[in-house]
Amino acid sequence: MTVLVKPKALGDYKIREFRMLIDGKWVDGAEGRMIERVAPGHGVTVSRYQAATKIDAERAIAAARRAFDDGPWPRMTASERSLILLRAADMIAARADELAFLDAIESGKPISQAKGELAGAADIWRYAAALARDLSGESYNTLGDGTLGVVLREAIGVVSIITPWNFPFLIVSQKLPFALAAGCTTVVKPSELTSGSTLVLGEILEAAGVPAGVVNIIVGTGPEAGAPLTSHPDVDMVSFTGSTGVGRLTMANAAQTLKKVSLELGGKNPQIVFPDANLDEFIDAAVFGAYFNAGECCNAGSRLILHRDIADEVTARIAALSAKVKVGDPLDPETQVGAIITPQHLEKIASYVSAASSDGATVAHGGAALDLGMGQFMAPTILSSVRAEMAVAREEVFGPVLSVLTFETTEEAIKIANSIDYGLSAGVWSRDFDTCLTIGRRVRAGTIWMNTFMDGASELPFGGYRQSGLGRELGRHAVEDYTETKTLNMHIGQRTNWWMPR
Ligand code: NDP
């Protein structure tokens, strides 16, 4: 059983039409083609975008290049840039309901969750504004009487920002304000499935006082509009969030001109649970970690590694709580799990579940798509008796599917946790301090939660080990990522000549 919230028809909803932002102007694409977005929870078109081609991508890059080489943005004081970012944060907060609605209807996520993401995003813009004024280099007055060394931090230049569909406004907010704080100029390409809120952000940034050409936003498919952003010689850095496969391609493209790359990629994140854990707290966190954003989340806690002594009891309790989770209409404030992004993605999720069942896993709850009369939905699903070598335990399903594995010793738990290619995040549950710290130090992942799951803050760095990515976002060094260092080596007084006349 699952609690269903049937979607209500959108009635006289007016489809939103968007143009793209290049060099401070809202323009049509070179070929005038359109992209239509069908709402995953309602099955009807809700947005139309101009589709960018390679020509549009190159125009956007040229605008960003001019704005960097000749424009005022990199030359402003940090205080001036910071004020504009703060103004943008206030405008994001003022338009949060509109932005949350766009994210919910285009991505299928629950509206209550989308509102939370918008509040988090506004906080990140404020944090970036604060960091803008703290960016500084180093000085060395310790190199002898004849030398003074100064290390400058300079904006790296033109940055391509490519984002996925699962957290449309939040993920662009983990990148763009920090690039702007550093003085960079940008071309942003959101996922073609969920571009609406990023385009509204373009309006906000214009109104906040960001000069023309500093933020260019194009919408289009990855291979057509995204690929030029990763290979063009006038781009200095690519900041990408998405699948590990496209991340690898991005790095290979960027290698041709040796661009800096920052990659936030997939995850297959374990929660390791010991018998002495507070199981009431954990059971709630297990359900939240697995079904938040319908599991379409790089940080999803999609692998439970339970101590054998508690595995049966805990699995039964998670199944019982899963039956109470409300699945359905993304626009209903009660909904906890919304729609799946596309019908093709729903098929992919279902095929992981059927392959796991054929391989010997047991469906302890859910296991199939749900028919709610419109849109596409997946039942919260628990698979028990999963073995570590199964695809469902190693690969990113990106759906509300929880795999349960078991362990007997701490060493075994660590081995299972580290046995896959990903290393984004992990959780450990125990009342024992030594146990938590041992797991925290030995599991190879960018974030380890102890007796909680998927908490975050703008101050805490986020990113992955191994094939979960390269570099970190957020945290106090987030602006530095968008800079180059330059050494000024200054001589004082008479220089000792290399060639001496004899
Ligand atoms: P994709 O990797 O397919 O796409 C991400 C972005 O890259 C989209 O804007 C996409 O455009 C674009 N893109 C696709 N192909 C290319 C290309 N050849 N060159 C340049 N850009 C390209 O991921 P999804 O959008 O499907 O998002 C889901 C994936 O993202 C999951 O696998 C998840 O693990 C990962 N992810 C990781 C996060 C992290 O922080 N670690 C956070 C969120 C998601 P378009 O889709 O419009 O074609």
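Residues numbered from 1 in each chain as written. Predicted model: local features only at pLDDT ≥ 70, side-chain atom pairs only at ≥ 80, totals over all residues. Heavy atoms only, no water.

A contiguous nonpolar surface patch, about 290 Å² in accessible area, is contributed by Phe433, Leu437 and Met450. Relative to the elements of secondary structure, methionine 450 occurs in strand S24 (residues 447-450). On the basis of relative accessibility, which here comes to 35%, the residue methionine 450 falls in the partly exposed class. (Patch = residues over 30% accessible without salt bridge, like charges linked within 9 Å, V, L, I, M, F, W, Y side chains within 5 Å. Areas by Shrake-Rupley, 256 points an atom, 1.4 Å probe, with all protein chains shown as cover. Salt bridge = Lys/Arg side-chain N within 4 Å of Asp/Glu carboxyl O. Helix = DSSP H or I, 4+ residues; strand = E, 2+ residues; numbered from the N terminus. Buried < 20%, exposed > 50% of the residue type's maximum accessible area, 1.4 Å probe, protein only.)

With that out of the way, let us pick up the nonpolar core. Among the nonpolar cores identified, the biggest contains 153 residues, and Trp125, Leu176, Phe178, Ile218, Phe282 and Ile318 are the most heavily contacted of them. The element best represented in this core is helix H4 (residues 111-132), accounting for 12 residues. Both of domain 1 (11-266) and domain 2 (270-450) provide at least three residues apiece to this core. (Core = buried A, V, L, I, M, F, W, Y, C linked by side-chain atoms within 4.5 Å. Domains from an automatic or database assignment.)

On to the layout of surface pockets, then. The space that makes up the largest pocket amounts to roughly 940 Å³. Lining the largest pocket are 37 residues, with Pro164, Trp165, Gly242, Ser243 and Val246 sitting closest to its centre. Elements with a minimum of two residues in the lining of the largest pocket: helix H8 (222-231), strand S12 (237-241), helix H9 (244-255) and helix H12 (343-358). With 5 residues, the top contributor of residues to the lining of the largest pocket is H8. Per-class residue counts for the lining of the largest pocket are 16 nonpolar, 15 polar and 6 charged. Mapped onto the domain boundaries, the lining of the largest pocket takes at least three residues apiece from domain 1 (11-266) and domain 2 (270-450). In this structure, the second largest pocket spans a volume of roughly 740 Å³. Of all the elements in the fold, those that place two or more residues in the lining of the second largest pocket are H4, helix H5 (168-173) and S24. The element best represented in the lining of the second largest pocket is H4, accounting for 5 residues. (1 Å grid on protein atoms, 1.4 Å probe; cavity = no way out; pocket = protein on both sides within 12 Å on 5 of 7 lines; lining within 4 Å. Points joined across faces, edges and corners; volume = space filled by probe spheres on them. Nonpolar A, V, L, I, M, F, W, Y, C, P; charged D, E, K, R; others polar.)

Sheets are built from strands paired through backbone hydrogen bonds, the pairs being either parallel or antiparallel. The strand order S7-S8-S27 describes an open sheet built from 3 strands, whose pairing is antiparallel. Strands with a single pairing partner mark the edges of an open sheet, and in this sheet they are strand S7 (138-140) and strand S27 (483-491). Neighbouring strand axes in the sheet, compared pairwise and without regard to direction, differ in orientation by 15 degrees on average. The sheet contact formed by strand S8 (residues 147-155) and S27 spans 9 bridges and is antiparallel. Paired with leucine 148 across the strands is methionine 490, a residue of S27. (Pairing = 2+ DSSP bridges. Axes fitted to C-alpha atoms, helices over the stretch in contact; angles between N-to-C directions.)

With that settled, the discussion passes to the environment of arginine 387. Mapped onto the elements of the fold, arginine 387 is located in the loop between strand S20 (381-384) and helix H13 (391-394). Arginine 387 sits 18 residues away from leucine 405 along the chain, and the two C-alpha atoms are 6.4 Å apart. For arginine 387, the residues in contact, after removing those within four places along its chain, are Asp359, Ala393 and Leu405. A polar atom in the side chain of arginine 387 sits 3.2 Å from the backbone oxygen of aspartate 359. Polar side-chain contacts of arginine 387 include one of 2.9 Å to the side chain of glutamate 389. (Contact = heavy atoms within 4.5 Å. Polar contact = N/O pair within 3.5 Å; in protein donor to acceptor, adjacent residues only side chain to side chain.)

Within the secondary structure, aspartate 332 is located in the loop between strand S16 (326-328) and H12. Of the side chains with opposite charge, lysine 8 comes closest to the buried, unpaired aspartate 332, at an N-O distance of 4.1 Å. With residues near it in sequence (within four places) discarded, aspartate 332 still touches Val5, Lys8 and Ile111. (Lys, Arg positive; Asp, Glu negative; His and termini not counted.)

On to the site of the ligand. Near the ligand you find 29 residues, and of these Thr163, Gly222, Ser243, Leu265 and Glu396 are the closest. Contact distances for the ligand include 2.9 Å between an oxygen atom and a side-chain N or O atom of tryptophan 165. One nitrogen or oxygen atom from the side chain of lysine 189 is found 3.0 Å from an oxygen atom belonging to the ligand. For the ligand, whose free accessible area comes to 890 Å², the fraction covered by protein is 88%. When each cavity is represented as a set of grid points, the ligand is found to reside in the largest pocket. No other element matches the 3 residues that H8 contributes to the shell around the ligand. Counting only domains with at least three residues in the shell around the ligand, you end up with domain 1 (11-266) and domain 2 (270-450). (Near = heavy atom within 4 Å. Sits in = over half its atoms within 2 Å of the grid points.)

The subject of this paragraph is the pattern of salt bridges. For the structure on display, the rule yields 24 salt bridges. The shortest N-O distance in the salt bridge between arginine 65 and aspartate 236 comes to 2.8 Å. One end of the pair, arginine 65, is in helix H1 (residues 54-69); the other, aspartate 236, is in the loop between H8 and S12, with 171 residues separating them in the sequence. We classify arginine 65 as buried; its relative accessible area is 16%. On the basis of relative accessible area, aspartate 236 is assigned to the partly exposed category, the value being 24%. Across the pair lysine 109 and glutamate 117 runs a salt bridge, and its minimum N-O distance is 3.0 Å. The same class applies to lysine 109 and to glutamate 117, which are both buried.

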